[in-house]
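Residues per chain are reported as follows:
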There are 2 protein chains.
Amino acid sequence: MDTAASDTFLSESSSEPASHTSLEPPKKVAILMLNLGGPDTLDAVEPFLYNLFSDPDIFKLPLSFLLQKPLALAISKARSPKVRNSYHEIGGGSPILRLTQEQARNLEATLKEYFNLDAKVYLGMRYWKPFTEHAIREMQQDGVTEAIVLPLYPQYSVTTTGSSMNEVKRWMEKLNYHPQLSVIPPFFDHPAYKASIAEIIQDGLDSHDWGCEKKDVTVLFSAHSLPKKFVIKNKDPYPEQIMATCRTVMQEYFPNQLWELAYQSKVGNLVWLGPQTDGILHYFSATSVDNILMVPISFVSDHLETLFEIDLEYIPLAHQLGLKHVVRSPGLNSRPTFIKTLAKLVKTQLDNKAVPTMMVS
Amino acid sequence: MDTAASDTFLSESSSEPASHTSLEPPKKVAILMLNLGGPDTLDAVEPFLYNLFSDPDIFKLPLSFLLQKPLALAISKARSPKVRNSYHEIGGGSPILRLTQEQARNLEATLKEYFNLDAKVYLGMRYWKPFTEHAIREMQQDGVTEAIVLPLYPQYSVTTTGSSMNEVKRWMEKLNYHPQLSVIPPFFDHPAYKASIAEIIQDGLDSHDWGCEKKDVTVLFSAHSLPKKFVIKNKDPYPEQIMATCRTVMQEYFPNQLWELAYQSKVGNLVWLGPQTDGILHYFSATSVDNILMVPISFVSDHLETLFEIDLEYIPLAHQLGLKHVVRSPGLNSRPTFIKTLAKLVKTQLDNKAVPTMMVS
């Protein structure tokens, strides 16, 4: 595997601090980091689901001004027991807050170390605490007038980055607070991000005693699915950006490896982006494929979809189907190459957009 | 549906003939048209299969110099009864020769009518008569020194265009005949080709009394599959070009229509490009989809894969699965918009590549 991306990062960045003299005050940057959030306790499952199903960017119901909230209440009540049980299986709650907070702290440290930037990360989750509202209020109290926005979604979707940005705008409107925002674009094709995905693939390949040579293991990317009607209606670039990440990572790092992209987590009876992850496992069981490395894509930290669905549903299913070796790659979490990717995104955004650095009180 | 493409064609082309004065001799162009070919009788099925399995561009067997031909013989003997029966079901042979000859005649007429070009098409099939060898020999006898090559594959694959071009080169070498060739590039994204695909979709939508509004019919493109290992090893652009055609046709002509791309005709137990057409029909039967328009893609005329597999296997399967309305779009064949597409490709190639026109004796 080519690790040139991270080396380049180090050599580029090591020359940066030299430009700052000791007479300058340390630069301060406000970063608004956005993510989905997840219930931290089992009792938080139902209100978390209610928030999710209340999101008008995801569920546009007929007569939504009238029915959105009652329907969200009904759906979250109905789905809560099953989802609660899933969170119970992975330890009683989502690790997303802890993992995202770690990413935030590591990002601050990396920006300081490599770019001499004093950054403060404001963490705004979409569906659970700390809510986006909380982050915006904190920025307002700190007197932040300009901020870099970092949506933790490498691939853009109306349902993730789009929904979070709408929530940011709603709260800024409501609080009559209008800082200048510079939003980091989707980084699905950023070389450093792709290098970090290549690393988790290599780690996955190295972590197991396969029944074949590593080069003969089939890489199965699994991304969160979406209803196709939604994708088409909203011209959502999500599936194309997902495919672009997978294809270019494989072409650049593992050009001769067999790979496939599937989509997981479909619910209901609409047509969703496919092929479905479980369907592909059935398909593999009818073919010459026996050794599979599952690589979660579209998320940047461990979550219910990896810890429960992949580890406790898909992999046991694959074994039942007779597939011999089925292993999951680790999540990105606070892997140094990934944190450096985030730092580089912030630095590039500051340089390119000429957003002045700012003091945070 | 927007029919601007064909109108543009007419208005552009109508101004062309004016540039030729009566003093000029009529221009003559040699066109080498390449296609797959198919057995014209049931007795031709086995030797046709033998030619297919002997193709080193498709099947690279270990010790191929020794084993290619005996293995091809064994495989074609083994598969012949099943395939022979399929051809029996569609009338005792492949219609591909008749349909391709019609396309050739219509292309000649269209080039004359719109561009005042006297063209002679030499038809070279890859696996059955008239063989590529035959076309090359005829060109040599006619004293052709320069020719436009038109592979009838809108999307490039090593297994189709690539194999045919290799066959052309082999025969030219063998016959010590070296005319200047100008090869028309893959036209998967040509506006006129996309307009012709949009037409067959619209025709399919208009041809049936659906159980819903036409805009709610799901469009299911079905393309010929290939082993994924082959695609990855050869960096075959085929699946990306197939996807590009489907996506842009739908975006440009039917932006709100639900659609899916699947792959058909897999044999053996390797992993092939997916999802499989039959798998998607199973999937649709478990969803809210009831009305499906199947659109053959990657072929430009009716053939075993549409007339037998789609019409006599997939559609009956879909009905068995409880899908209510399942209809196939017509093939492109000699549809005027498609023939004009071919004429425009030839004309553009002549203009861009500055290949001089030539006399054919």
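Residues numbered from 1 in each chain as written. Chains lettered and ligands numbered in written order. Predicted model: local features only at pLDDT ≥ 70, side-chain atom pairs only at ≥ 80, totals over all residues. Heavy atoms only, no water.

Peer 1: Any details on the pattern of salt bridges? Residues and values, ideally.
Peer 2: Residues and elements named next belong to chain A. The tally for this structure, following the rule as stated, stands at 43 salt bridges over all chains. Asp55 serves as the salt-bridge partner of Arg126, at 3.2 Å between the closest nitrogen and oxygen. With Arg126 in the loop between β2 (117-125) and α5 (132-141) and Asp55 in the loop between α2 (45-53) and α3 (64-89), this pair connects stretches of sequence that are 71 residues apart. Note that Arg137 and Glu133 form a salt bridge whose closest N and O atoms lie 3.0 Å from each other. Placement of both Arg137 and Glu133 in helix α5 is noted, with a separation of four residues, approximately one turn of the helix. Looking at Glu133, the relative accessible area reads 26%, which means it is partly exposed. One network of salt bridges, in which partners are shared, links Asp55, Arg126, Glu167 and Arg170. (Salt bridge = Lys/Arg side-chain N within 4 Å of Asp/Glu carboxyl O. Helix = DSSP H or I, 4+ residues; strand = E, 2+ residues; numbered from the N terminus. Buried < 20%, exposed > 50% of the residue type's maximum accessible area, 1.4 Å probe, protein only.)

Peer 1: Account for the packing of aromatic side chains, naming residues and giving values.
Peer 2: Residue and element names in this part refer to chain A. In this structure the tally under the stated criterion is 10 aromatic pairs over all chains. Ring plane angle 75° and centroid distance 5.8 Å describe the contact between Trp128 and Phe131, whose orientation is recorded as edge-to-face. Looking at Trp128, the relative accessible area reads 9%, which means it is buried. Aromatic pair Phe221 and Trp259: ring centres 6.0 Å apart, planes at 80°, arrangement edge-to-face. Highlighted residues: Phe221 in strand β5 (residues 218-224) and Trp259 in strand β6 (residues 259-264), separated in sequence by 38 residues. (Phe/Tyr/Trp six-rings, centres within 6.5 Å; stacked < 30°, edge-to-face > 60°.)

Peer 1: Describe the packing of helix α10 (residues 277-285) of chain A against helix α11 (residues 304-320) of chain A, and please don't skip the residues or the numbers.
Peer 2: Residue and element names in this part refer to chain A. Their axes nearest at 10 Å, the elements α10 and α11 cross at an angle of 15°. In terms of their interaxial angle, α10 and α11 are classed as roughly parallel. Regarding α10 and α11, the two cross each other, and that crossing is right-handed. Counting all contacts with α10, which are made through Thr277, Asp278, Leu281 and His282, the residues of α11 involved are Tyr314, Leu317 and Ala318. (Axes fitted to C-alpha atoms, helices over the stretch in contact; angles between N-to-C directions. Parallel < 35°, antiparallel > 145°, perpendicular 65-115°, else oblique. Left-handed = near helix turned anticlockwise from the far one by under 90°. Contact = heavy atoms within 4.5 Å.)

Peer 1: Give me the lowdown on helix α4 (residues 96-115) of chain A, citing residues and values where you can.
Peer 2: Residue and element names in this part refer to chain A. End to end, α4 covers 27 Å across 20 residues, agreeing with the expected 28 Å (1.5 Å per residue, within 8%). All buried positions along α4 are accounted for by Ile96, Leu99, Thr100, Gln103, Ala104, Leu107, Thr110, Leu111, Tyr114 and Phe115. Axial view of α4: buried residues confined to an arc of 145°, hence all on one face. For α4, the exposed residues lying more than 90 degrees away from the buried face are Arg105 and Glu113. Asn116 sits one or two residues past α4 and shows a positive phi near 55°. (Expected span 1.5 Å × (residues − 1). Arc of directions from axis to C-beta.)

Peer 1: An account of the interface of chain A and chain B is requested, with residue identities and associated values reported.
Peer 2: Contacts between chain A and chain B engage 27 residues on the former and 27 residues on the latter. Buried surface at the junction of chain A and chain B, both sides included, amounts to about 2300 Å², of which 53% is carbon and sulfur. Three residues, A:Ile232, A:Val271 and A:Tyr283, lead the burial of chain A against chain B; their summed loss comes to 25% of the area buried on that side. Applying the counting criterion to the chain A and chain B interface returns five salt bridges. Among the salt bridges present, the one from A:Glu240 reaches B:Arg247, with a minimum N-O distance of 3.5 Å. Along the contact surface separating chain A from chain B lie nine residue pairs in polar contact (both at pLDDT 80 or more). Among the secondary structure elements, those contributing two or more residues to the side of chain A that touches chain B are α8 (228-233), α9 (238-253), β6 and α10 of chain A. Of the residues belonging to the side of chain A that touches chain B, the class tally is 12 nonpolar, seven polar and eight charged. (Buried area = accessible area lost by both parts, 1.4 Å probe. Polar contact = N/O pair within 3.5 Å; in protein donor to acceptor, adjacent residues only side chain to side chain. Nonpolar A, V, L, I, M, F, W, Y, C, P; charged D, E, K, R; others polar.)

Peer 1: Tell me about the pairing of strand β5 (residues 218-224) of chain B, and name the residues and values.
Peer 2: Residues and elements named next belong to chain B. A large share of β5 lies buried, amounting to six of its seven residues. The pairing of β5 with strand β7 (residues 291-296) spans five bridges and is parallel. The residue of β7 that forms the bridge with Phe221 is Val295. Relative to strand β6 (residues 259-264), β5 runs parallel, the two being bridged by six bridges. Residue pairing for β6: His224 is matched across the bridge by Gln264. (Pairing = 2+ DSSP bridges.)

Peer 1: Now, about the sheet that holds β5(B): what can you tell me, with residues and values included?
Peer 2: Residue and element names in this part refer to chain B. Overall, parallel pairing links the four strands, which are arranged β6-β5-β7-β8 in an open sheet. The strands lining the two open edges of the sheet, one partner per strand, are β6 and β8 (325-328). The mean angle between the axes of side-by-side strands here comes to 25°, regardless of whether they run parallel or antiparallel. Along the sheet face, helix α9 (residues 238-253) touches β5 and β6 and points at about 150° away from the line of β6. Its contacts with the sheet put helix α11 (residues 304-320) on β5, β6, β7 and β8, and the angle it makes with β8 is roughly 175°.

Peer 1: How would you summarise the confidence of the model for chain A if you had to cite specific residues and measurements?
Peer 2: This prediction gives chain A a mean pLDDT of 89; 89% of its residues lie at or above 70. Interface confidence for the predicted complex, expressed as ipTM, amounts to 0.72; the pTM equals 0.82. (pLDDT = per-residue confidence, 0-100.)

Peer 1: Give a description of the relation of the copies chain A and chain B that names residues and reports values.
Peer 2: In the superposition of chain A on chain B (RMSD 0.0 Å, axial shift 0.0 Å), the rotation amounts to 180°. What the rotation and shift describe, once combined, is the action of a two-fold rotation axis. Closest approach to the rotation axis within chain A is made by the C-alpha atom of A:Pro275, at a distance of 3.0 Å. Comparing interface residues between copies, 100% of those in chain A also sit at the interface in chain B, which points to an isologous, same-surface contact. (Least-squares fit on C-alpha atoms with pLDDT ≥ 70 in both.)

Peer 1: Mind laying out the sheet that holds β5(A), listing which residues take part and the relevant values?
Peer 2: Residues and elements named next belong to chain A. Pairing is parallel in the open sheet, where four strands are placed in the order β6-β5-β7-β8. Only two strands of the sheet have a single neighbouring strand rather than two, namely β6 and β8 (325-328). The mean inter-strand angle of the sheet, taken between neighbouring strand axes irrespective of direction, is 25°. Contacts between α9 and the sheet are confined to β5 and β6, with β6 contributing the most and set at about 150° to the helix.

Peer 1: Account for a nonpolar patch on the surface, with residues named and values stated.
Peer 2: Nonpolar side chains collect at one region of the surface, where A:Leu66, A:Leu67, A:Leu71 and A:Ile75 lie side by side and expose about 290 Å² of accessible area between them. One can find A:Leu67 in helix α3. (Patch = residues over 30% accessible without salt bridge, like charges linked within 9 Å, V, L, I, M, F, W, Y side chains within 5 Å. Areas by Shrake-Rupley, 256 points an atom, 1.4 Å probe, with all protein chains shown as cover.)

Peer 1: Lay out helix α7 (residues 191-206) of chain B in plain terms, naming residues and giving numbers.
Peer 2: Here α7(B) is 16 residues long and its end C-alpha atoms lie 22 Å apart, about the 22 Å a rise of 1.5 Å per residue gives. Buried residues dominate α7(B), accounting for 13 of its 16 residues.

Peer 1: So what about the environment of A:Asn106? Which residues, and what values?
Peer 2: All names here are of chain A. Take Asn106: it is sitting in helix α4. Classification of Asn106 as partly exposed rests on a relative accessible area of 32%. When the C-alpha atoms of Asn106 and Arg335 are compared, they prove to be 9.6 Å apart, with 229 residues separating the residues in sequence. If sequence neighbours within four positions are ignored, Asn106 has contacts with Ser334 and Ile339.

Peer 1: Describe the side chain of B:His303, with residues and values.
Peer 2: With respect to the helices and strands, B:His303 occurs in the loop between β7 and α11. In this structure the side chain of B:His303 is engaged in a polar contact, spanning 3.4 Å, whose partner is the backbone oxygen of B:Ser301.

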